[in-house]
Amino acid sequence: MALMLPTGLKNSFNADVCCGYAMMENVDDVGFVIAAVDDLEKEVVKGSRASATPEEPVDHLIKRDAILGIGWSNGAYLTSKIALERNFFAAIALISGGVYEGFENAVGSVPIMIHHSLDDTLVRFSGCCRDARKPKCCCFISDRSPETCSSTHALYQKWGSVNQCQFESGGKMRSTSTFVSDPNSVSCQSGVACERNTTLCTYDKKGHFNRASFRRMFPSDMMQQIFTFFKYSMGD
């Protein structure tokens, strides 16, 4: 197993609507992440060859069908953009962010777990958009987003469509409650009969998970839920 923690230019990634220096300079961060995995694989191969023996040849390459993506805030926007545009991730988890467009051109289905707090004022649960009647999101996200807001629940349903979940005749995605944690004020629901697992976890009072620090604000047992989600998405 290899862990990669990419850092964008001036701590930002370009995901079209978000954020910072990388967005303003139109940096190709989709290409950056893919190239970084290529470089990581080369290092893994190099290290394996150095310790290889006739009894243990080099066979520890990165499995391209087992790459998992997790992103928070700006990182969640980029992770979702890559998942829609490239057949790259085996499963993804998005925390407090995600692109609003491009679902009709998605390259394929992918297991997804979405985490968002109802009281997030930086990337609003109700969505970020150019509608002047709606409250703004941070970092000029609203200015580059669609005219009409798409809530996180609406994005959950868009991913459900990509993942061929079951919808009712009125267009509402069928869901079932899968996890509730009272201490963390979080409830999770998953789409019914999906080709790929599609899950939304909604929090009550966690904001953008950045008060003090992400490590302190994001519940450790919910991070374990993400790891479990990845495990079952891989069929292990």
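Everything here concerns the structure above.
Residues numbered from 1 in each chain as written. Predicted model: local features only at pLDDT ≥ 70, side-chain atom pairs only at ≥ 80, totals over all residues. Heavy atoms only, no water.

## Description of helix H5 (residues 152–162)
Three or four residues apart is the spacing at which side chains of an α-helix point the same way, because the helix has 3.6 residues per turn.
Phase 1 of the analysis: Considered for burial, the residues of H5 that qualify are Thr152, Leu155, Tyr156, Gln157, Trp159, Gly160 and Val162.
Phase 2 of the analysis: Taken together, the buried residues of H5 touch helix H3 (74–85), strand S2 (91–95), strand S3 (112–117), strand S4 (175–181), strand S5 (186–191) and strand S6 (198–203). (Buried < 20%, exposed > 50% of the residue type's maximum accessible area, 1.4 Å probe, protein only. Helix = DSSP H or I, 4+ residues; strand = E, 2+ residues; numbered from the N terminus. Contact = heavy atoms within 4.5 Å.)

## Considerations on the layout of surface pockets
Rolled over the atoms, a probe as big as a water molecule pinpoints where empty space is left.
Phase 1 of the analysis: Of the voids in this model, the largest pocket is the one considered here, and its volume is about 1,700 Å³.
Phase 2 of the analysis: Looking at the largest pocket, it is lined by 42 residues, and the ones nearest its centre are Ala2, Leu3, Met4, Leu68 and Ile70.
Phase 3 of the analysis: For the lining of the largest pocket, the class distribution of residues is 28 nonpolar, 10 polar and four charged. (1 Å grid on protein atoms, 1.4 Å probe; cavity = no way out; pocket = protein on both sides within 12 Å on 5 of 7 lines; lining within 4 Å. Points joined across faces, edges and corners; volume = space filled by probe spheres on them. Nonpolar A, V, L, I, M, F, W, Y, C, P; charged D, E, K, R; others polar.)

## Side note on empty space enclosed by the protein
Phase 1 of the analysis: Per the counting criterion, the structure on display carries one cavity of 30 Å³ or more.
Phase 2 of the analysis: Its volume calculated, the largest cavity comes out at about 100 Å³.
Phase 3 of the analysis: In this structure, the largest cavity is lined by 16 residues; those nearest its centre are Gly97, Gly98, His116, Thr152 and Leu155.
Phase 4 of the analysis: Where the lining of the largest cavity is concerned, the elements lending two or more residues are S3 and H5.
Phase 5 of the analysis: Grouping the amino acids of the lining of the largest cavity by side-chain chemistry returns nine nonpolar, six polar and one charged.

## Some points on a nonpolar patch on the surface
Phase 1 of the analysis: On the surface, a nonpolar cluster with roughly 320 Å² of combined accessible area is contributed by Leu9, Tyr21 and Met24.
Phase 2 of the analysis: For Leu9, the location among the structural elements is in the segment before helix H1 (20–24). (Patch = residues over 30% accessible without salt bridge, like charges linked within 9 Å, V, L, I, M, F, W, Y side chains within 5 Å. Areas by Shrake-Rupley, 256 points an atom, 1.4 Å probe, with all protein chains shown as cover. Salt bridge = Lys/Arg side-chain N within 4 Å of Asp/Glu carboxyl O.)

## Describing the pairing of S2
Phase 1 of the analysis: Judged by how many residues are buried, S2 sits mostly within the fold: five of five residues are covered.
Phase 2 of the analysis: Every second residue of S2 is oriented toward a common face, with Ala91, Ala93 and Ile95 on one face and Ile92 and Leu94 on the other, all of them buried.
Phase 3 of the analysis: Here strand S1 (residues 68–72) pairs with S2 via five bridges, running parallel. Of the residues in S2, the one forming a bridge with Gly69 is Ile92. (Pairing = 2+ DSSP bridges.)

By themselves, these observations are geometric and do not establish any function.
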